[in-house]
Amino acid sequence: MIAALGENRGLISDTIVDALRAVPRHLFVPPVGVALTDTGPELIDQANDPEAWWTAVYGTAAIVTQLDGGATDIGDAEGRYTSSNSAPETVVDLLELLNPQPQHRTLEVGTGTGWTAALLSHLVGEAARVTSIEIDPAIAGQAAKNLATAGVRPRLIVGDGAAGWAAGAPYDRVHVTCGVHTVPYAWIEQSRPGAVIVAPYSPGFDTDQSLRLVVRPDGTAIGRFPGYTSYMMMRSQGATPCDPDDGSGKRFAIRVDPRTIAYAPAGAGLVMSALTGLRTRVSDEAGFVLYLVDPGDAGQWAAAVHRSDTEHMVYELGDRRLWEEVADAYFRWVSWGEPGLDRFGMTVTPEGQRLWLDTPERAIGPCRSAVS
């Protein structure tokens, strides 16, 4: 696994290599799982095909360990992914950004299988300095067993990681293993000045990013998006529902191909999210459809349909002109010269978070709180 990671992403720091060697991944992978390989999901079963199981465990793929919140048997191999042992490359990338040091008091949001909690315990040198929170009691219980088998005993909490864990504060590092739309201020509030917070950030458009924040003495945090990553969403910030179509919506033709918005570059996704507050999802079950959703109002949504031989169409429900808002935001990004991910940053305050371009003085859109 370490050799494959080195080939894929260049050199890995010696401290993380030591951690990967000290914490066997197989202790944190169940006998049956779903490996997310380059060719698609593959069921791995230690009892029926031990060679394939071991190959997957010490390969570079993420391994799904829970479907539909536990409602679907993992052996079915089909369902909504709700927990996993993350891809080693992604784990290494986030740990490199976090840069935990010996004796750092560390908060982990999302225990999962316990593997990253064990890696963090090795990196800081004392498992007692690591607090790991998991919202799902069944997952938390299995992680506790995995960690005990590995001989590693961090503090394990069952609860919503969005609230942090004030009893263990102040933290020097906050390691987040689930995607977030909005950075909970509790993580900043419970961290000391100079602390580093690393999280997978999902603006709600096509591309997700890694976000690295540094906490400042004034109780705010500031940072940038140093790369790309994708994790399952934090459950409290998960899918946004839409109200059923009541037939009151409006239908109209559009000239912009919906795929232009759906597959826009990362910089455009950040801008569209910051300016509109909307989120998207794509369906290709019956042709290409881009859904635009207002997370604060399930009655405000739109469906933009790609048509190859006619004008594209939008069906829009609610008072907001969602398609127009998103298209305007996209072309504003174009007018700025199509800035890439490396030019954007974020500031988080008690009032919420704000995206900016190049410097914090060039803020984009309103300050958005966890409920916006």
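Please refer to the structure higher up on the page.
Residues numbered from 1 in each chain as written. Predicted model: local features only at pLDDT ≥ 70, side-chain atom pairs only at ≥ 80, totals over all residues. Heavy atoms only, no water.

Details of the overall build of the protein
In terms of regular secondary structure, the protein is built from 10 helices and 19 strands. With respect to the principal axes defined by its C-alpha atoms, the protein has extents near 60 × 55 × 40 Å. Within the protein, buried positions represent 51% of all 372 residues. Pairs at least 24 residues apart make up 60% of the contacts formed inside the protein by residues separated by at least 6 positions. Surface exposure of the protein reaches about 16500 Å², of which carbon and sulfur atoms provide 49%. Side chains of the protein carry 29 positive and 45 negative charges; the gap between the two charge centres is 7 Å. (Helix = DSSP H or I, 4+ residues; strand = E, 2+ residues; numbered from the N terminus. Buried < 20%, exposed > 50% of the residue type's maximum accessible area, 1.4 Å probe, protein only. Contact = heavy atoms within 4.5 Å. Areas by Shrake-Rupley, 256 points an atom, 1.4 Å probe, with all protein chains shown as cover. Lys, Arg positive; Asp, Glu negative; His and termini not counted. Charge placed at Lys NZ, Arg CZ, Asp CG, Glu CD.)

Regarding the layout of surface pockets
Gaps between atoms show up when a probe of the same size as a water molecule is rolled over them. Space inside the largest pocket adds up to approximately 1500 Å³. Forming the boundary of the largest pocket are 50 residues, of which Tyr81, Tyr231, Met232, Met233 and Met234 lie nearest the centre. Listed by contribution, the elements that provide at least two residues to the lining of the largest pocket are β4 (81-85), α4 (88-98), α5 (115-124), β6 (130-134) and β13 (279-283). Sorting elements by how many residues they give to the lining of the largest pocket places β4 first, with 5 residues. The class makeup of the residues in the lining of the largest pocket is 20 nonpolar, 22 polar and 8 charged. Of the volumes computed, that of the second largest pocket is approximately 320 Å³. Along the walls of the second largest pocket sit 16 residues, with Leu36, Thr37, Asp38, Thr60 and Ala61 positioned nearest its centre. Contributions of two or more residues to the lining of the second largest pocket are made by β1 (32-37), β2 (40-45) and α3 (50-57). Across the lining of the second largest pocket, the residue classes tally to 9 nonpolar, 4 polar and 3 charged. (1 Å grid on protein atoms, 1.4 Å probe; cavity = no way out; pocket = protein on both sides within 12 Å on 5 of 7 lines; lining within 4 Å. Points joined across faces, edges and corners; volume = space filled by probe spheres on them. Nonpolar A, V, L, I, M, F, W, Y, C, P; charged D, E, K, R; others polar.)

Let's talk about the sheet that holds β4
Ordered in space as β2-β1-β3-β4, the 4 strands form an open sheet in which the pairing is antiparallel. Edge strands, defined here as strands with exactly one partner in the open sheet, are β2 and β4. Going across the sheet, the axis of each strand differs from the next one's by a mean of 40 degrees, ignoring polarity. Sheet topology places β1 next to strand β3 (residues 62-67); 3 bridges connect them, and they run antiparallel. Bridge assignment links Ala35 to a residue of β3, and that residue is Ile63. Each of β1, β2 and β3 is contacted by α3, which is oriented at about 125 degrees to β2, the strand it contacts most. (Pairing = 2+ DSSP bridges. Axes fitted to C-alpha atoms, helices over the stretch in contact; angles between N-to-C directions.)

A closer look at the side chain of Gln237
Tracing the chain through its elements places Gln237 in the loop between β11 (221-228) and β12 (250-254). Residue classification places Gln237 among the buried positions, given a relative accessible area of 12%. Polar contacts involving the side chain of Gln237 include one to the main-chain amide nitrogen of His181, which spans 2.7 Å. Those residues in contact with Gln237 that lie beyond four places of it in its chain are Val180, His181, Thr182, Pro184 and Arg279. (Polar contact = N/O pair within 3.5 Å; in protein donor to acceptor, adjacent residues only side chain to side chain.)

Digging into the sheet that holds strand β14 (residues 289-293)
If you walk across this open sheet you meet the 5 strands as β12-β16-β15-β14-β13, and the pairing is antiparallel. Looking at which strands have only one partner, the edges of the open sheet turn out to be β12 and β13. Strand-to-strand twist of the sheet, defined as the mean angle between neighbouring strand axes without regard to direction, takes the value 20 degrees. In this sheet, β14 lies alongside β13 in antiparallel orientation, the contact comprising 5 bridges. In the sheet register, Thr280 faces β14, and the bridge partner there is Leu292. Along the sheet, helix α10 (residues 322-335) makes contact with β12, β14, β15 (301-305) and β16 (312-317), crossing β14 at roughly 100 degrees.

Some thoughts on the pairing of β2
In the case of a regular strand, side chains alternate between the two sheet surfaces. Of the strand pairs in this sheet, β1 and β2 are connected by 6 bridges, and their pairing is antiparallel. Note on β2: the bridge partner recorded for Thr37 is Gly40. Hairpin remark: β1 followed by β2, antiparallel, with 2 residues in the connecting loop.

Here we look at the nonpolar core
Trp187, Phe225, Met272, Trp323 and Phe344 are the most contacted members of the largest nonpolar core, which totals 56 residues. Looking at this core element by element, the count peaks at 7 residues for α10. Contacts of Trp323, omitting those with residues within four sequence positions, involve Phe252, Ile254, Val256, Pro258, Ile261, Leu290, Leu292, Ala304, Val314 and Glu316. Core analysis: the second largest hydrophobic core is formed by 26 residues, Leu20, Leu98, Leu147 and Val196 among them. (Core = buried A, V, L, I, M, F, W, Y, C linked by side-chain atoms within 4.5 Å.)

Focus on the environment of Tyr201
Secondary-structure assignment places Tyr201 in strand β9 (residues 191-201). When the C-alpha positions of Tyr201 and Thr229 are compared, they lie 8.0 Å apart, and in sequence the two are 28 residues distant. In contact with Tyr201, other than residues within four places in its own chain, are Val180, His181, Asp208, Gln209, Leu211, Phe225, Leu270, Ser273, Met346 and Gln353. At a separation of 3.4 Å, a polar atom in the side chain of Tyr201 contacts the side chain of Gln353.

A word on the pairing of β3
In terms of burial, β3 is largely enclosed, as 5 of its 6 residues are buried. Two strands pair when backbone bridges link them, and β3 and β4 are joined in this way by 4 bridges, in the antiparallel orientation. Residue pairing in the sheet places Ile63 in a bridge with Asn85 of β4.

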